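This is what each chain is made of:
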Amino acid sequence: MLPDVLIQGWALQLSPELASRAQFGWTISVHIIFASLSVGLAPFIVYFTWKDVRTDDERFTRLRSFWVKVFAAGFVMGTVTGIPMSFQFGTNFPQFAEVAGELIGGPLAFEAKMAFFLEAVFLGVLLFGQERVSDQTYILSSVLVGVGAWLSAFWILIVNAWMQTPQGFEMITRNGVEVAKLTDPLAAFFTPRMPWMYIHMVNASVISVALLVAGVSAYIVWKKRDAAAWNTALKLAVIILLVTAPLQAVHGDAYGRHVADTQPQKFAAMEAHYETGTADLHLLAFPKSIDAITDPKAENLFTVSLPGVGSFLATGGDFDAEVLGLNEYEENPPVAMVFWSFRFMVGLGFLFIGLALWGGYLIYNGRLSESNRFLKTMIAASPLGYAALLTGWYVTEIGRQPWVIQGELRTSEAVSSTLNGTEATLTLVGFVVIYIGLILVALHVLRWLVEDELRELGVKVPDDDRWYGPVPKVSDDD
């Protein structure tokens, strides 16, 4: 007889569909951190490399060397965490692979052969080839690494955008199975969602990396105020935030109207809008009870709302426009996850605008590196870009449920019919454990790089038995 604890634990196994969704969701959540690191870091790498080669300034040599190493570490981690996702199409969602294979196979192959190898080859030049190639070739290598990273995002998002707003195909019966047949490659590649998703995702990646660069730079500047390279990096990151953070808000507003037009059910879930009619915009929402956290509705939330503004945003100008409510649909996505994720993402977006304006004000007054409050705030905010990026991705993906291909294939129909709950749950646990280990490795590498940089600057690091010069005394005052 099995021990009682084992029996109880066995009873906690998830259904094949839920476990498969959680496994893929967890896998892509970790992978997207490293993938977006490559996309967002690419313009920094190009700029630092160009300035290093053209000016021979030690500041940019130091910055290029450091962030190319970070890029390389992220590239390796992105490869390791990304490869299993393609296999999960076969092991967990074979019906999806069979139905959509003709549509998604091409872009995924292009991503590997056109983008991945371009990025990998010229990253090798950046890491090991500076003394072996001309200055022009070395700068070109940084550009091609960036092009590879952005092309990779392009081909992957073509697939996801098609799943959100599918077109350029027809459903036919092949070997007794209804599958999607590609009829118009251009229409399938350039769906209505593609430009919206690509711009929003790339800009989100740049914001996330700008916050990371600002956080690392702020930490080093906090430890050594006269670190010229890192003062430069901090200023650059703030300037980039001043451009990208407001752009994301403006673009996101227009993106929301596109979602309302093409996926009204998702838009309703974003606002927890159940009854068809005029939609309010909930600026702030607080649950009145525990149930309201998992099932947010107008009657169980305390909200600060703008009447009719939800309708205005959905239509682009009509405060009285009718917006379809969730009660019109037989099956809805997990509304709570979509609703709260959307608010978390938007709230962080406005926080980033505030941080950018604060930093811009300090730059204007020549006090960027003097404000301890700002430096500590940027250190604390360094991972928040990825938090916003992930919650935005959850709105996109979870908000599409119950469809894996909008209007064509339900997620429940895409899951393997031979996979049982035990197998799916055990592999989910395995992926969680392994990927947590990979995250810890990545954080350790980043910490090692930062501490090594501090040692080169003559700053003693924790638990270091060597002394590299006096740590400057700093005040907690501005």
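Here, the structure is the one placed above.
Residues numbered from 1 in each chain as written. Predicted model: local features only at pLDDT ≥ 70, side-chain atom pairs only at ≥ 80, totals over all residues. Heavy atoms only, no water.

Further remarks concern the overall build of the chain. A count of helices and strands for the chain gives 16 helices and six strands. Taking 478 residues into account, the globule formula puts the C-alpha radius of gyration at 23 Å, and the chain, at 24 Å, falls close to it. For the chain, the spread of C-alpha atoms along the three principal axes comes to 70 × 60 × 50 Å. With 478 residues in all, the chain has 49% of them scored as buried. Restricting to contacts in the chain with at least 6 residues of sequence separation, those with at least 24 account for 78%. Element-wise, carbon and sulfur atoms account for 65% of the exposed surface of the chain, whose accessible area totals about 22,500 Å². For the chain, the separation between the mean place of its 31 positive charges and that of its 45 negative charges on side chains is 11 Å. (Helix = DSSP H or I, 4+ residues; strand = E, 2+ residues; numbered from the N terminus. Rg over C-alpha atoms; globule rule 2.2 N^0.38 Å. Buried < 20%, exposed > 50% of the residue type's maximum accessible area, 1.4 Å probe, protein only. Contact = heavy atoms within 4.5 Å. Areas by Shrake-Rupley, 256 points an atom, 1.4 Å probe, with all protein chains shown as cover. Lys, Arg positive; Asp, Glu negative; His and termini not counted. Charge placed at Lys NZ, Arg CZ, Asp CG, Glu CD.)

Ranked by size, the top nonpolar core spans 63 residues in total, and within it Leu41, Phe44, Trp67 and Trp230 carry the most contacts. The greatest single-element share of this core, amounting to twelve residues, is contributed by helix α7 (residues 194-223). Discounting chain neighbours no more than four positions away, the residues touching Leu41 are Trp67, Val70, Phe71, Val209 and Val213. One finds Phe89, Phe189, Val202 and Val335 within the second-largest nonpolar core, a separate group that totals 62 residues. (Core = buried A, V, L, I, M, F, W, Y, C linked by side-chain atoms within 4.5 Å.)

Here we take up the side chain of Gln88. Within the element layout of this structure, Gln88 appears in helix α3 (residues 58-91). With relative accessibility at 1%, the residue Gln88 sits in the buried group. A polar atom in the side chain of Gln88 sits 3.2 Å from the side chain of Thr27. Dropping the residues within four chain positions of it, Gln88 is found in contact with Gln23, Phe24, Thr27, Phe93 and Phe431. (Polar contact = N/O pair within 3.5 Å; in protein donor to acceptor, adjacent residues only side chain to side chain.)

For the coordinates displayed, the defined rule picks out 14 salt bridges. Residue Arg62 is joined to Glu453 by a salt bridge in which the shortest nitrogen-to-oxygen separation is 2.9 Å. Of the two residues, Arg62 sits in helix α3 while Glu453 sits in helix α16 (residues 421-456), which places them 391 residues apart along the sequence. Judged by relative accessible area, Arg62 falls into the buried class, the value being 17%. (Salt bridge = Lys/Arg side-chain N within 4 Å of Asp/Glu carboxyl O.)

The pairing of strand β1 (residues 169-174) with strand β2 (residues 177-182) spans six bridges and is classified as antiparallel. Bridging across to β2, Arg174 finds its partner in Val177. In this structure, the hairpin formed by β1 and β2 is closed by a connection of two residues, where Asn175 is found at a positive phi of approximately 55°. (Pairing = 2+ DSSP bridges.)

Quick look at a nonpolar patch on the surface now. On the surface, Leu283, Leu284, Phe286, Phe302, Val304 and Leu306 cluster together into a nonpolar patch covering about 550 Å² of accessible area. Taken together, the elements giving at least two residues each to the nonpolar patch come down to β3 (281-287) and β4 (301-306). As for its placement among the helices and strands, Phe286 is situated in strand β3. Since its relative accessible area comes to 44%, Phe286 is described here as partly exposed. (Patch = residues over 30% accessible without salt bridge, like charges linked within 9 Å, V, L, I, M, F, W, Y side chains within 5 Å.)

Moving on, we get to the packing of helix α12 (residues 335-364) against helix α13 (residues 372-381). Viewed as axis vectors pointing N to C, α12 and α13 meet at an angle of 145°, and their least axial separation amounts to 11 Å. Every pair of crossing elements has a handedness; the one defined by α12 and α13 is left-handed. Touching Leu355, Trp358, Gly359 and Leu362 of α12 are Arg373, Phe374, Thr377, Met378 and Ala381, all from α13. The residue inventory of the contact of α12 with α13, partitioned by class, reads six nonpolar, two polar and one charged. (Axes fitted to C-alpha atoms, helices over the stretch in contact; angles between N-to-C directions. Left-handed = near helix turned anticlockwise from the far one by under 90°. Nonpolar A, V, L, I, M, F, W, Y, C, P; charged D, E, K, R; others polar.)

This part covers α16. An ideal rise of 1.5 Å per residue puts 52 Å on 36 residues; α16 measures up with 53 Å between its terminal C-alpha atoms. The N-terminus of α16 is capped by Asn420, whose side-chain oxygen sits 3.1 Å from the backbone nitrogen of Thr422. Phi turns positive one or two residues past the end of α16, at Gly458, with a value near 85°. (Expected span 1.5 Å × (residues − 1).)

Here we take up the environment of Phe267. Within the secondary structure, Phe267 is located in helix α9 (residues 264-270). Ignoring any residue separated from it by four or fewer positions in sequence, one finds Phe267 in contact with Gly256, Val259, Ala260, Gly310, Ala314 and Val323.

Attention now goes to a negative patch on the surface. Negative charge collects at one region of the surface, where Glu275, Glu299, Glu322 and Glu328 lie side by side. Position of Glu322 among the secondary structure elements: in the loop between α11 (309-315) and α12. Residue class for Glu322 comes out exposed when judged on its relative accessible area of 62%.

We describe a pair of aromatic rings using the distance from one ring centre to the other and the angle between the two ring planes. Enumeration over the complete set of coordinates arrives at 25 aromatic pairs. Ring centres of Phe89 and Phe96 lie 5.6 Å apart, and the angle between their planes is 55°; this geometry places the pair in the tilted category. Judged by centre distance (5.1 Å) and plane angle (75°), the rings of Phe154 and Trp155 are edge-to-face. Among the aromatic residues, those joined into a cluster by ring pairs are Phe110, Phe154, Trp155, Phe189, Phe190 and Tyr198. Lying across the ring of Tyr274, Lys297 places its NZ or CZ 4.9 Å from the centre. Sitting over the face of the ring of Trp403, Arg410 holds its NZ or CZ atom 4.5 Å from the ring centroid. (Phe/Tyr/Trp six-rings, centres within 6.5 Å; stacked < 30°, edge-to-face > 60°. Lys NZ or Arg CZ within 6 Å of the ring centre and 35° of its normal.)

Moving on: the environment of Ser416. Within the secondary structure, Ser416 is located in the loop between α15 (411-414) and α16. Judged by relative accessible area, which is 9%, Ser416 ranks as buried. A sequence separation of 258 residues divides Ser416 from Ile158, and the C-alpha atoms of the two residues are 24 Å apart. Aside from chain neighbours lying at most four places away, what touches Ser416 is Thr91, Asn92, Phe93, Pro94 and Gln95. A polar contact is formed between the side chain of Ser416 and the side chain of Thr418, at a distance of 3.1 Å.

The next thing to look at is the packing of helix α2 (residues 16-55) against α3. α3 packs onto α2 with a crossing angle of 155° between their chain directions and a minimal axis gap of 7 Å. With respect to α3, the axis of α2 lies roughly antiparallel. The way α2 lies across α3 gives a crossing that is left-handed. Partitioning the contact of α2 with α3 into residue classes produces 20 nonpolar, twelve polar and three charged. (Parallel < 35°, antiparallel > 145°, perpendicular 65-115°, else oblique.)

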